[in-house]
Amino acid sequence: MTYEEAEKKVLNTKWITKTCHQGESCWCRMVTTEEPVFYNDVEEYYISRDGELNQAMAEYFVKLHNDSLNFKL
């Protein structure tokens, strides 16, 4: 799939937070989809990578996004 197709799929899929390679003790969290979305058959699409969002902010964005999926018309 192309990057544009992956982006569209990501916006309509549930998100989760993941820890970086440093684990639970690290301040940051990555945001990605529940099931990995790949584009160009190799690269995984991330909403945010490690070091970009703190844990509270990442969890907030994930909740907002996932809640919005329940209210689409």
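A quick note: this is a predicted structure, and the numbers were derived from the prediction, not measured. (Residues numbered from 1 in each chain as written. Predicted model: local features only at pLDDT ≥ 70, side-chain atom pairs only at ≥ 80, totals over all residues. Heavy atoms only, no water.)

Any details on the overall build of the protein? Residues and values, ideally.
A count of helices and strands for the protein gives two helices and five strands. When its helices and strands are written in sequence order, the protein yields α-β-β-β-β-β-α. For the C-alpha atoms alone, the extent of the protein along its principal axes is close to 35 × 30 × 15 Å. Here the protein holds 73 residues, and 32% of them are scored as buried. (Helix = DSSP H or I, 4+ residues; strand = E, 2+ residues; numbered from the N terminus. Buried < 20%, exposed > 50% of the residue type's maximum accessible area, 1.4 Å probe, protein only.)

Account for the pattern of salt bridges, naming residues and giving values.
Taken as a whole, this structure holds two salt bridges when the rule is applied. The partner of Glu 24 in a salt bridge is Arg 29, and the shortest N-O contact between them spans 3.3 Å. On the basis of relative accessibility, which here comes to 62%, the residue Glu 24 falls in the exposed class. In this structure Arg 29 comes out as buried when scored by relative accessible area, which is 3%. Notably, a salt bridge pairs Asp 67 with Lys 63, separated by 2.7 Å at the nearest N-O pair. Separated by four residues within a single helix, Asp 67 and Lys 63 lie in helix H2 (residues 55–69), roughly one turn from each other. With a relative accessible area of 32%, Asp 67 lands in the partly exposed category. (Salt bridge = Lys/Arg side-chain N within 4 Å of Asp/Glu carboxyl O.)

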